[in-house]
Amino acid sequence: MDYSFLQHYWWLLVSLLGAILVFLMFVQGGQSLLFTVGKTEMQQKMLLNSTGRKWEFTFTTLVTFGGAFFASFPLFYSTSFGGAYWVWILILLCFVLQAVSYEYQSKKGNLLGKKTYQIFLILNGILGPILIGAAVGTFFNGANFYVNKANLTDLGMPVISSWATYHGVQLHGLEAALNIWNVCLGLAVFFLSRVLALLYFINNIRDEEIDARSRKQLWIETILFLVFFLTFVVRLVLQDGFAVNPETKEVFLSPNKYLFNLLEMPVVLGVFLVGVVLVLFGILSTLFSKKQYSKGIWFAGTGTVLTVLALLLIAGWNNTAYYPSVADNLQGLQSSLTIENSSSSLFTLTAMSIVSLLIPFVLVYIFFAWRALDFRKINKSEMEQNEHVY
């Protein structure tokens, strides 16, 4: 387990956490569909309780993802969170609104009223996936920063990373939303979250009207998801990527870099293809099944994790800069972050790797906790009898 192995290992773990987070954003997708699928107060209550019992998994995974990124690649954390802070503040604000809304929407005497909290949940369901998708898009399209490690010797201002202006304006990360390809990925994540939410409603709720409405809406969301996802992937494999010379560590633009990453790492390509097939199988088996098939969420969910994992791996493995700098300054592309120049020390990565051996036990706990929550499917009688509902 040399230094390079540990750097690749921790990029794998961070990528896996990011992939799981994208799957768990079906909670956000379900919130955005609250008034589309739920036409009565009882139906909306069932929808909110279906997603409400899982929102903490999403929030915890988001925090764990950020913590793992900070511990393993601290220069990315200080650069992105310290420079592009408006994007991350908006993302965190969305999730704070979600937590508050679930806890207080049904409380008697709340000042804002139930509808206000439901609107907060819808805002979280729309903005959360789009902003996270746009932020991840900068892994492939670059961000507006520059890095100068020599500044560590400046006792007065030892700041390594700085955020550049965008057309003369200091936007601190908001310019990511002005890149059409970042937005394209954000919309793909948004519609994917709605697809997964509809599949989860079909599996988790026992109500004929919700089931029928979810299956009908699934057609619309699937088409929109495929349009934005395929557009992003086609452009990704055709665009110039940010390659790293393994000898000199120089960053340069390489034609079709991400396509070659897939071809040069056949295992990752296999993971990507299997993931895409599973997502399509989960969706199509639900749409075309004559027996009201309801297990599509597990195929589509597994496929989502595999697909996103593969995309994140080609962003950082195989001598690729995972956080490219596109700032117009003297450092240029050489400010780009790689898993080599932005990682923690050998000692830190080694110690964390030992702790990471506990991950399987955590996954087993999550499995049984999830299973216990879904042991009984949500229906009207449970909403009327159970006092612990959202």
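Refer to the preceding data block for the structure.
Residues numbered from 1 in each chain as written. Predicted model: local features only at pLDDT ≥ 70, side-chain atom pairs only at ≥ 80, totals over all residues. Heavy atoms only, no water.

Trainee: Help me understand the overall build of the protein chain in this model?
Mentor: A count of helical and extended segments in the protein chain gives 16 helices and four strands. Against the globule reference of 21 Å for 390 residues, the protein chain gives a C-alpha radius of gyration of 22 Å, in line with a compact fold. Principal axes of the C-alpha set define a box for the protein chain whose edges measure 65 × 50 × 45 Å. Counting every position in the protein chain, which comprises 390 residues, the buried fraction comes to 51%. Taking contacts inside the protein chain between residues at least 6 apart in sequence as the whole, the part at least 24 apart equals 76%. Looking at the protein chain as shown, the accessible area adds up to about 18,400 Å², and 70% of this sits on carbon and sulfur atoms. (Helix = DSSP H or I, 4+ residues; strand = E, 2+ residues; numbered from the N terminus. Rg over C-alpha atoms; globule rule 2.2 N^0.38 Å. Buried < 20%, exposed > 50% of the residue type's maximum accessible area, 1.4 Å probe, protein only. Contact = heavy atoms within 4.5 Å. Areas by Shrake-Rupley, 256 points an atom, 1.4 Å probe, with all protein chains shown as cover.)

Trainee: Would you mind going over the environment of Asn182 with me for this structure?
Mentor: Topologically, Asn182 is positioned in helix H9 (residues 180–204). A sequence separation of 77 residues divides Asn182 from Gln105, and the C-alpha atoms of the two residues are 33 Å apart. When near neighbours in sequence (up to four residues on either side) are disregarded, Asn182 contacts Gly133, Ala134, Gly137, Thr138, Asn141 and Ala176.

Trainee: What am I meant to see in the packing of aromatic side chains here?
Mentor: For any pair of aromatic rings, geometry is given as the distance between the ring centres together with the angle between the planes. Applying the stated criterion to the full structure yields 42 aromatic pairs. Taking 6.1 Å as the distance between ring centres and 85° as the angle between the ring planes, the aromatic pair formed by Phe139 and Tyr323 counts as edge-to-face. Pair noted here: Phe139 is in helix H8 (residues 114–141) and Tyr323 is in the loop between helix H13 (296–316) and helix H14 (346–355), with a separation of 184 residues, a long-range link. Residue classification places Phe139 among the buried positions, given a relative accessible area of 6%. Here Tyr323 falls in the buried class, since its relative accessible area comes to 2%. Measuring from centroid to centroid gives 5.3 Å for Trp219 and Phe288, while their planes differ by 85°, and the two rings are edge-to-face. Taken together, the residues span a long stretch of sequence, with Trp219 in helix H10 (residues 208–238) and Phe288 in helix H12 (residues 266–288) at a distance of 69 residues. Taking the relative accessible area as the measure of exposure, Phe288 reaches 54% and is therefore exposed. (Phe/Tyr/Trp six-rings, centres within 6.5 Å; stacked < 30°, edge-to-face > 60°.)

Trainee: In this structure, what is going on with the side chain of Ser32? I would like to understand it.
Mentor: Inspection of the secondary structure assignment puts Ser32 in helix H2 (residues 26–32). Engagement of the side chain of Ser32 in a polar contact is seen with the backbone oxygen of Gly29, the distance being 2.7 Å. With sequence-adjacent residues up to four places away left out, Ser32 is seen in contact with Ile122, Gly125, Ile126, Phe190 and Arg194. (Polar contact = N/O pair within 3.5 Å; in protein donor to acceptor, adjacent residues only side chain to side chain.)

Trainee: Mind showing me how you'd approach the packing of H12 against H13 here?
Mentor: A pair of packed helices can be characterised by two numbers: the angle between their axes and the separation between those axes. Following both chains from N to C, one finds H12 and H13 inclined at 150°, their axes separated by 7 Å at the closest point. When the axes of H12 and H13 are compared, the pair comes out roughly antiparallel. Of the two possible hands of crossing, H12 and H13 adopt the one that is left-handed. Contacts between H12 and H13 involve Val268, Val271, Phe272, Val274, Gly275, Val276, Leu278, Val279, Phe281, Gly282, Ser285 and Thr286 from the first element and Gly296, Phe299, Ala300, Thr302, Gly303, Thr304, Leu306, Thr307, Ala310, Leu311, Leu313 and Ile314 from the second. (Axes fitted to C-alpha atoms, helices over the stretch in contact; angles between N-to-C directions. Parallel < 35°, antiparallel > 145°, perpendicular 65-115°, else oblique. Left-handed = near helix turned anticlockwise from the far one by under 90°.)

Trainee: Help me out: how do you make sense of the packing of helix H4 (residues 41–52) against H9 in this one?
Mentor: Where H4 meets H9, the closest approach of the two axes is 11 Å, and the angle between their N-to-C directions is 105°. Taken together, the axes of H4 and H9 lie roughly perpendicular to each other. Here Leu47, Ser50 and Thr51 of H4 come into contact with H9, specifically with Tyr200, Phe201 and Asn204.

Trainee: How should the pairing of strand S3 (residues 241–244) be read in this particular structure?
Mentor: Both faces of S3 are covered, namely the face carrying Gly241 and Ala243 and the face carrying Phe242 and Val244. Note that S3 and strand S4 (residues 251–254) share four bridges and pair antiparallel. Bridge pairing links Ala243 to Phe252 in S4. Turn length for the S3-S4 hairpin, with the two strands adjacent in sequence and antiparallel, is six residues, and the turn residue Lys249 shows positive phi of about 65°. (Pairing = 2+ DSSP bridges.)

Trainee: What exactly am I supposed to notice about a nonpolar patch on the surface here?
Mentor: Together, Trp219, Ile220, Leu224, Leu280, Leu284 and Phe288 make up an exposed nonpolar region whose accessible area comes to about 530 Å². At the level of secondary structure, the elements contributing two or more residues to the nonpolar patch comprise H10 and H12. Relative to the elements of secondary structure, Leu280 occurs in helix H12. (Patch = residues over 30% accessible without salt bridge, like charges linked within 9 Å, V, L, I, M, F, W, Y side chains within 5 Å. Salt bridge = Lys/Arg side-chain N within 4 Å of Asp/Glu carboxyl O.)

Trainee: How should I be thinking about the pattern of salt bridges in this particular structure?
Mentor: Two side chains of opposite charge can pair, provided their charged atoms sit close to one another. Scanning all chains against the criterion turns up six salt bridges. A salt bridge links Arg215 to Asp211, with the shortest nitrogen-to-oxygen separation between them at 2.8 Å. You can see Arg215 and its partner Asp211 sitting in helix H10, four residues apart, about one turn around the helix. Among the residues examined, Arg215 registers a relative accessible area of 12% and is labelled buried.

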